[in-house]
Amino acid sequence: AQIIDINMGCPAKKVCRKAAGSALLADEELVANILHAVVAAVDVPVTLKIRTGPTPERRNGVTIARIAEDAGIAAIAVHGRSRACAFGGEAEYDTIAAIAATVDIPVWANGDIDSPAKAQAVLAHTGAAGIMIGRAAQGRPWLCGQVAARLGGRPVPATPDRDTQFAVLSEHLAALHAFYGDFLGPRIARKHVGWYLTDAGVSAETRRLFNRLETPAAQLALLAELAARQPTQDLAA
Ligand SMILES: Cc1cc2nc3c(=O)[nH]c(=O)nc-3n(C[C@H](O)[C@H](O)[C@H](O)COP(=O)(O)O)c2cc1C
C-alpha cells in the first residue's frame, strides 16, 4: 500500500458495537495507542479519518487531532458531524476550523460539500489544507474536476452532456470489472451504476433490470442500449 488510512469516522452500528469506527473517539487513550502502534509498524504514511467527536456535546476533535499529530499521523480528514449525528442534520465546520488552527499536519474538511461554490466556502471557513467529497461525487465523478477548477481559479467546466456521461460510466464500469473480476465486478458495479442512472433520470424499473444482470458483458450491453436511447425513452417503458 502507498498509504494506510485509519477510519475512525464510521457511524455504522455493526462497526461501533465492536468499539471500532467513530466509537473510538470516546476513548482517547485507545486512540493514542492505536495510532502509535500503526505508525510504528509501517513505513508508509498513515492518515486518519475522524468525526468531530462522539456527540455534539462532546466534540473532542481538537484533542484527537493533537493525539494524531503527536503519534506521527501524516494528515487528518474531518467529517463535520459527530458519531451520534450519523448522517442527520447538516455538517458543521467550526470544529474543523478549530482543528485546522491547532495542528500543523494537513487537515481535510469533509461533509455535505456538493458544489464548487460550497467547496470554496468550506475551505475559506475552515482554513483547511483541502477538502474531501463523498456522496456528492457518487455517480458524478466530474464534480471533482469542477471543484478543482474553481479552487485553482480556472473556469469551471460545464457538467458533461448525456453522451459524455454515458461514456464516463462505461469506462468506469469496465474498470470495475477489470479490477474486481467477473464475479465481484458486476456485483460491486451495481451501486455505482445505480448512482449514475438515478442522476440521469433512468427509471427504478430499468435500474432493477440492470441489477439482475450477472456478467460484465450483459451489463455493458444494457448500458450501451440505454446510452443509445433518448432520455425520455426508458428501456422499461
Ligand atoms: C456509502 C458510504 C461509504 C463510506 N465509506 C467510508 C469509508 O470506507 N471510509 C471513510 O473514511 N469514510 C467512509 N464514508 C464516509 C465519507 O467518507 C464521508 O465522511 C461522509 O460521507 C460525509 O461526506 P459527504 O457529505 O461528502 O458524503 C462513507 C460514506 C458513505 C455514504
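Residues numbered from 1 in each chain as written. Predicted model: local features only at pLDDT ≥ 70, side-chain atom pairs only at ≥ 80, totals over all residues. Heavy atoms only, no water.

Novice: Mind showing me how you'd approach the packing of helix H3 (residues 61-71) against helix H4 (residues 94-102) here?
Specialist: Two quantities define a packed helix pair, namely the angle between the axes and the distance from one axis to the other. Across the interface, H3 lies against H4 with an axial gap of 9 Å and an inter-helix angle of 30°. The way H3 lies across H4 gives a crossing that is right-handed. Of H4, the residues touching H3 (which contributes Gly61, Val62, Ala65 and Arg66) are Ala98, Ile99 and Thr102. For the contact of H3 with H4, the class distribution of residues is 4 nonpolar, 2 polar and 1 charged. (Axes fitted to C-alpha atoms, helices over the stretch in contact; angles between N-to-C directions. Helix = DSSP H or I, 4+ residues; strand = E, 2+ residues; numbered from the N terminus. Left-handed = near helix turned anticlockwise from the far one by under 90°. Contact = heavy atoms within 4.5 Å. Nonpolar A, V, L, I, M, F, W, Y, C, P; charged D, E, K, R; others polar.)

Novice: Hey, could you run me through the sheet that holds strand E3 (residues 75-79) in this one?
Specialist: Two modes of strand pairing occur in sheets, parallel and antiparallel, and in both the strands are linked by backbone hydrogen bonds. Taken in spatial order, the 5 strands make up an open sheet running E1-E2-E3-E4-E5, and their pairing is parallel. Two strands lie at the open edges of the sheet, namely strand E1 (4-8) and strand E5 (130-132), each paired on one side alone. Geometrically, the sheet is characterised by an average inter-axis angle of 25° between neighbouring strands, direction not taken into account. The strands touched by helix H2 (residues 28-41) within the sheet are E1 and strand E2 (46-51), with E1 carrying the most contacts at an inclination of about 170°. Sheet strands touched by helix H5 (residues 116-126): strand E4 (107-110) and E5. Its angle to E5, the strand with the most contacts, is close to 130°. (Pairing = 2+ DSSP bridges.)

Novice: Could you clarify how one ought to interpret the domain arrangement of the protein in this entry?
Specialist: A common measure of how large an interface is: the accessible area buried when the components associate. Splitting the protein by domain gives domain 1 (4-151) and domain 2 (162-228). Its C-alpha centre places domain 1 at a distance of 31 Å from the equivalent point of domain 2. Interface of domain 1 and domain 2: buried area, both sides summed, is about 510 Å²; carbon and sulfur atoms make up 70% of it. If you sort the residues of domain 1 by the area they bury against domain 2, Gln138, Gly139 and Trp142 come out on top, with a joint share of 78%. On inspection of domain 1 and its partner domain 2, the count reaches 1 salt bridge. Its salt-bridge partner being Asp199, residue Arg140 comes within 3.5 Å of it at the nearest N-O pair. Taken together, the connections running from domain 1 to domain 2 amount to 0 residue pairs in polar contact (both at pLDDT 80 or more). Here the side of domain 1 that touches domain 2 is built from residues that sort into 2 nonpolar, 2 polar and 1 charged. (Domains from an automatic or database assignment. Buried area = accessible area lost by both parts, 1.4 Å probe. Salt bridge = Lys/Arg side-chain N within 4 Å of Asp/Glu carboxyl O. Polar contact = N/O pair within 3.5 Å; in protein donor to acceptor, adjacent residues only side chain to side chain.)

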